[in-house]
Structure formats: structure tokens, C-alpha cells
Amino acid sequence: MSFVWTIAEHHAGRLREVALEVLGRGRPLADALGTRLAAVVIGHGITEQDTGRLIAHGADEVYVVDDPRLADFRCESYSGVLAHLIRTWSPEIVLAAATTSGRTLMPHLAIRVHAGLTADCTELAIEPDTGNLLQTRPAIGGNIMATIKTPRHRPQMATVRPHASRPPQPDPDRSGRVIAVPMDTQLEACLDDRTQVLGYRTDAADFANLEDADVVVTGGRGLKRKENFALLEELASRLGGEIGATREAVDRGWIGYPHQVGLSGKTISPRVYIGAGASGSIQHLAGIKTSERIVSINLDPDAPLHRVADVAVVGDLFEVVPALIAELDRRRGAARSGD
Ligand SMILES: Cc1cc2nc3c(=O)[nH]c(=O)nc-3n(C[C@H](O)[C@H](O)[C@H](O)COP(=O)(O)OP(=O)(O)OC[C@H]3O[C@@H](n4cnc5c(N)ncnc54)[C@H](O)[C@@H]3O)c2cc1C
């Protein structure tokens, strides 16, 4: 009996969208192996609507572990519970999103079940002859793609970058089985009672919710000075967008790391990405490839970002961005006056 499992994140009483994305990664693997796809959801207040959504997005089975003591993510408790479930049901493959909690949980879990772990995979596939999971991820600074397999240990464990793929289309007619895992004494023993969560606070000083933004305006070294990010902020505020940055801009101290987009920063999938004075290095492109529309503003006609852009503006950002802002203001003014 082989299974593909996905960890479905549930936080603050809500199923996180990323759970659906991970199911989208698991579905082709389960199909290739001719096996079932399961979602495992741990938390408190998990509803029928949550399990229904997981099934509509591809789960054949949903394992639910619901307990007030699991309401908040605690690495020791979650990994203890998951290790117990893995020993009971022996899945072949376990996938999770490489979110902050996924990145914390999966190495801890891998140690507990004596398995390997490939972090931050961009591609997953099944090797036809062996049925092994092929786990592909950038290596050596993103210059090569390495494919890793784990032939001797089970389960095969991997994390996938959130927002690197879109969730599958839901099918409300799909049916699946919900397995409510009882909190018996064995599972009780897995809970960590040493930690008490008092609450959560957002770091409002430099919080950048790039992952959920519809528009991301990104600045690179071409901005020349920290103060010039103000120009991009003007544009972003008119578009209801967030500010992103290349690593060059972050390393120069022009803006905080929460704004970094790319291989060692965030992966984003906005409706519109605007890159100004960003060359479009391979590491930066790794973070923006699921953007719906890419706009590039760069002096250099051969900039790699121009090549992947839907709209490539060859020009000086200090002329193009103010012109864009003026045009947006003109249109807004015209709309207000009913022209
Ligand atoms: C392991 C590793 C991980 C990395 N991770 C990341 C990552 O997560 N994110 C990331 O971004 N990078 C990452 N990098 C760095 C990456 O290799 C590049 O160095 C970086 O992306 C380049 O940033 P940039 O585009 O701002 O600078 P540059 O490559 O120097 O480009 C600046 C661009 O601005 C243009 N320009 C200059 N003046 C103007 C103007 N007035 N108007 C318009 N255009 C102008 C230039 O033509 C040029 O194309 C990583 C590197 C490594 C080795």
C-alpha cells in the first residue's frame, strides 16, 4: 500500500491556501504511482468546509488531527504527531510547503522517522523504472539544477517552494474519505507540554506581504541610492502594491530582507510584477516566474528581465517611473471628473 501525503497547513483556525498548492504537486505523483493522495491537517477548529476544499483540490483522503493543544504550530508536537501517523500508515512520499513552519517542521520530522529531506524543490517527478521520487532543486547558487533521489529510505520527504506553482482547479464533484484521527494515549504522548504560546505579533516595522500581493514593484541596483526607493513606493501606492527588491539592493542596506525576491528571498506570484533597475539574474527570476504579467524597466536592451517580460521598457527608470505615476494620476483625475 503506497501513499503520497501532503501536509496541509492550518493556522489561526483557517486552512492556508498553500495547502492546495502542495496538493497540486502531489496529484501527478500519486497518479504516476497509481496510488492515493492524502492531505494531513493538524490544528484546531478544522471544518467540513476545510476537508471538502482539500478533497475538491485533489485529496483522496484527509487525515484530521484536531485538538485545542494543536491550535498553534509547535514543532515538537506537530512532528511528534506526524511521526506517529507515518509509522502507522507508512506513506511512500511526504510533501510540505517550504513556508516558515514547513521549513521548521520537516527537518525535525525527517530526523524522527530516519528519512532524508530535500528542501525547496522546484520540480518533482516519479522515476519510471523504480518509482522513486525525483526531487529537483537549484544548487550551487542556482547555476545548476540538481536531481536527488532517496532509494533506500522511506518516506521520501521534500518541501516545495510556496507560490512556485498555482493551486489546481477545484472539482466540487470529487469525493474522498475523511479520517478523524482520535487523540488516544499514544498521540497524547506526542504532544509537547513544555512550550506555551502566548500569542503572535507581526513585525510591523518592516513587514512585507509580498506573497499575497496583487502588484509587486521591485527595485534593483539601478535605483542607485536607498532614497530612490521612495519613487517606487509612490508607484506602488497608486497600484495598491508592495515593494520588492533584488538581493543587490538588500545587501547594500537600501531596504530590509523581508522585501527580497528570488532564490534566497521570497517566491511571489502577483498579477503584475514591475522590475525597475533589476537585471533579472537567474536567482531573481527564480522568485518571479509564476507572476501573471512581468513589466521590466531597464536601460540595457539585453537585460535578461526584458527577455522574460510581457512588457519591456528600454529606458531610464528615473524618467519612466515618474511618467507612469503622472499617467496614473491623470487617469484617476479624468475618472473623477467623469471625462
Ligand atoms: C546563492 C545566491 C543566491 C542569490 N539570491 C538572490 C535572490 O534571492 N534575489 C536576487 O535578486 N538576487 C539573488 N542573488 C544575486 C544575483 O546573482 C544578482 O547579483 C542580483 O539579482 C542582481 O541584482 P540587480 O538586478 O539589482 O543588480 P544588477 O545585476 O547590477 O542590475 C542592475 C540593473 O539596473 C540597470 N540600470 C542601471 N541604471 C538604470 C536606470 N537609470 N534605469 C533603468 N535601469 C537601470 C542596469 O542596466 C542593470 O541591468 C543571489 C546570488 C547567489 C550567488
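Scroll up for the structure.
These numbers come from a predicted model, not from an experiment.

On to the nonpolar core, then. Trp5 and Val81 are the most contacted members of the largest nonpolar core, which totals 29 residues. Elements with a contribution of two residues or more to this core: β1 (3-8), β4 (36-43), β5 (61-66), α3 (75-89), β6 (93-97) and α4 (100-112). With six residues, the single largest contributor to this core is α3. With residues up to four places along the chain from it excluded, the contact list for Val81 reads Ile42, Val65, Leu70, Leu187, Cys190 and Leu191. With 28 residues, the next largest nonpolar core counts Leu15, Leu20, Leu23 and Ile93 among its residues.

Quick look at the packing of helix α6 (residues 229-239) against helix α10 (residues 317-337) now. For the pair α6 and α10, interaxial distance at closest approach is 10 Å and the crossing angle is 30 degrees. Put simply, α6 runs roughly parallel to α10. Read as a crossing pair, α6 and α10 show a hand that is left-handed. Taking contact as the criterion, the partners of Leu231, Leu232, Glu234, Leu235, Arg238 and Leu239 in α6 are, on α10, Leu317, Phe318, Val321, Pro322, Leu324, Ile325, Leu328, Asp329 and Arg332. Taken together, the residues that form the contact of α6 with α10 break down as eleven nonpolar, no polar and four charged.

Taken as a whole, the second largest pocket spans an internal volume of roughly 460 Å³. What lines the second largest pocket is a set of 26 residues, and nearest its centre among them are Arg221, Thr246, Gly277, Ala278 and Ser279. Of all elements in the fold, only α7 (247-251), α8 (282-285), β16 (293-298) and α10 reach the threshold of two or more residues within the lining of the second largest pocket. Class assignment for the residues of the lining of the second largest pocket results in seven nonpolar, 14 polar and five charged.

The next subject is the site of the ligand. The environment of the ligand is made up of 28 residues, and the closest members are Arg221, Thr246, Ser264, Ser279 and Asn298. Between an oxygen atom of the ligand and a side-chain N or O atom of Gln260, the distance comes to 3.1 Å. Residue Gly277 places a main-chain N or O atom 3.1 Å away from an oxygen atom belonging to the ligand. Protein chains bury 78% of the 990 Å² of accessible surface belonging to the ligand in isolation. If you map the ligand onto the pockets, it falls in the second largest pocket. Across the shell around the ligand, the residue classes break down as seven nonpolar, 15 polar and six charged.

What follows is about the pattern of salt bridges. Taken as a whole, this structure holds 23 salt bridges when the rule is applied. For the salt bridge of Glu327 with Arg331, the shortest nitrogen-to-oxygen distance reads 3.0 Å. Of this pair, Glu327 and Arg331 are both found in helix α10, four residues apart, which corresponds to roughly one turn of the helix. Exposure remark for Glu327: the relative accessible area of 28% places this residue in the partly exposed category. We classify Arg331 as exposed; its relative accessible area is 54%.

To continue, consider the environment of Pro155. Inspection of the secondary structure puts Pro155 in the loop between β10 (144-148) and β11 (156-160). Taking relative accessible area as the criterion, Pro155 reaches 2% and is therefore assigned buried. Separated by 65 residues in sequence, Pro155 and Ser90 have C-alpha atoms that sit 7.2 Å apart. For Pro155, the contacting residues outside a window of four places in its chain are Ile86, Pro91, Glu92, Ile93, Val94, Val113 and Ala115.

Time to look at the packing of aromatic side chains. Applying the stated rule across the entire model yields three aromatic pairs. Ring pairs connect the aromatic residues Trp5, Tyr63 and Trp89, which therefore count as one cluster.

Moving on to the environment of Tyr200. In this structure, Tyr200 sits in the loop between α5 (185-188) and β13 (215-219). Setting aside residues up to four positions removed in sequence, Tyr200 forms contacts with His11, Asp72 and Phe73.

What follows deals with the side chain of Asp60. Position of Asp60 relative to the elements: it lies in the loop between α2 (48-56) and β5. Judged by its relative accessible area of 16%, Asp60 falls in the buried class. Reaching out from Asp60, the side chain makes a polar contact with the side chain of Arg174 at a distance of 2.7 Å. If sequence neighbours within four positions are ignored, Asp60 has contacts with Arg27, Thr35, Arg36, Leu37, Arg174, Gly176 and Arg177.

Analysis parameters
- Residues numbered from 1 in each chain as written.
- Predicted model: local features only at pLDDT ≥ 70, side-chain atom pairs only at ≥ 80, totals over all residues.
- Heavy atoms only, no water.
- Core = buried A, V, L, I, M, F, W, Y, C linked by side-chain atoms within 4.5 Å.
- Buried < 20%, exposed > 50% of the residue type's maximum accessible area, 1.4 Å probe, protein only.
- Helix = DSSP H or I, 4+ residues; strand = E, 2+ residues; numbered from the N terminus.
- Contact = heavy atoms within 4.5 Å.
- Axes fitted to C-alpha atoms, helices over the stretch in contact; angles between N-to-C directions.
- Parallel < 35°, antiparallel > 145°, perpendicular 65-115°, else oblique.
- Left-handed = near helix turned anticlockwise from the far one by under 90°.
- Nonpolar A, V, L, I, M, F, W, Y, C, P; charged D, E, K, R; others polar.
- 1 Å grid on protein atoms, 1.4 Å probe; cavity = no way out; pocket = protein on both sides within 12 Å on 5 of 7 lines; lining within 4 Å.
- Points joined across faces, edges and corners; volume = space filled by probe spheres on them.
- Near = heavy atom within 4 Å.
- Polar contact = N/O pair within 3.5 Å; in protein donor to acceptor, adjacent residues only side chain to side chain.
- Areas by Shrake-Rupley, 256 points an atom, 1.4 Å probe, with all protein chains shown as cover.
- Sits in = over half its atoms within 2 Å of the grid points.
- Salt bridge = Lys/Arg side-chain N within 4 Å of Asp/Glu carboxyl O.
- Phe/Tyr/Trp six-rings, centres within 6.5 Å; stacked < 30°, edge-to-face > 60°.

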